[in-house]
Amino acid sequence: MNKIVIIDESLCIGCAKCVELCPKKILYIDKATQKCKVTDETKCDKLKGCERICLVQAIKIV
Ligand code: SF4
Ligand code: SF4
């Protein structure tokens, strides 16, 4: 399966803005790393809300 939600953990600052915004609730902050991760990306609406809200461009929808 092709990736849909691409997260660059080296850029992510763990602010959780995308987590709060995501209407599908598929994003979360990994407690160990404090970085954003995705659960079931097949549920993604691909409307790129997370991509727009991320201040450091750490998340891309493809
Ligand atoms: S594009 Fe929308 S549904 Fe997909 S991860 Fe981002 S906010 Fe969530
Ligand atoms: S909005 Fe960007 S920096 Fe903040 S948790 Fe999401 S991916 Fe990481």
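Residues numbered from 1 in each chain as written. Chains lettered and ligands numbered in written order. Predicted model: local features only at pLDDT ≥ 70, side-chain atom pairs only at ≥ 80, totals over all residues.

Where an unreviewed UniProt entry is consulted, the protein appears under the name Ferredoxin, with the organism given as Candidatus Sherwoodlollariibacterium unditelluris.

Trainee: Would you take a moment to explain the environment of Glu-20 for this structure?
Mentor: The residue Glu-20 is located in helix 1 (residues 17-21) in this model. Along the primary structure Glu-20 and Asp-30 are separated by 10 residues, whereas in three dimensions their C-alpha atoms are 14 Å apart. (Helix = DSSP H or I, 4+ residues; strand = E, 2+ residues; numbered from the N terminus.)

Trainee: Quick question: what am I supposed to make of the site of ligand 2 here?
Mentor: Surrounding ligand 2, one finds 14 residues, the nearest of these being Cys-12, Cys-15, Cys-18, Cys-54 and Ala-58. Residues that form the shell around ligand 2 fall into these classes: 12 nonpolar, 1 polar and 1 charged. (Near = placed C-beta within 6 Å. Nonpolar A, V, L, I, M, F, W, Y, C, P; charged D, E, K, R; others polar.)

Trainee: Explanation requested: the nonpolar core in the structure shown.
Mentor: Buried together is how nonpolar side chains tend to be arranged in soluble globular proteins. Membership of the largest hydrophobic core is limited to 11 residues, which are Val-5, Cys-12, Cys-18, Cys-22, Leu-27, Cys-36, Val-38, Cys-50, Cys-54, Ala-58 and Ile-59. Setting aside its immediate chain neighbours within four residues, Cys-12 contacts Ile-7, Lys-35, Cys-36, Val-56 and Ala-58. (Core = buried A, V, L, I, M, F, W, Y, C linked by C-beta atoms within 7 Å. Buried ≥ 20, exposed ≤ 12 C-beta atoms within 10 Å, placed from the backbone. Contact = placed C-beta atoms within 7 Å.)

Trainee: Explain the environment of Lys-35 to me, please; I cannot follow it from the model alone.
Mentor: Checked against the element boundaries, Lys-35 lands in strand 3 (residues 35-38). Distance from Lys-35 to Ile-13, taken between C-alpha atoms, is 6.7 Å for residues 22 residues apart in sequence. If we skip the residues at most four places from it in the chain, Lys-35 touches Glu-9, Cys-12, Gly-14 and Asp-30.

Trainee: Would you explain the pairing of strand 3 in this entry?
Mentor: Side chains on a regular strand alternate between the two faces of the sheet. The two faces of strand 3 differ: Cys-36 and Val-38 on one face are buried, but Lys-35 and Lys-37 on the other face are not. Examined bridge by bridge, strand 2 (residues 27-30) and strand 3 share 4 bridges and lie antiparallel to one another. Bridged to Asp-30 within strand 3 is Lys-35. Hairpin geometry of strand 2 and strand 3 is characterised by an intervening segment of 4 residues between the two adjacent antiparallel strands and by a positive phi of about 60° at Gln-34. (Pairing = 2+ DSSP bridges.)

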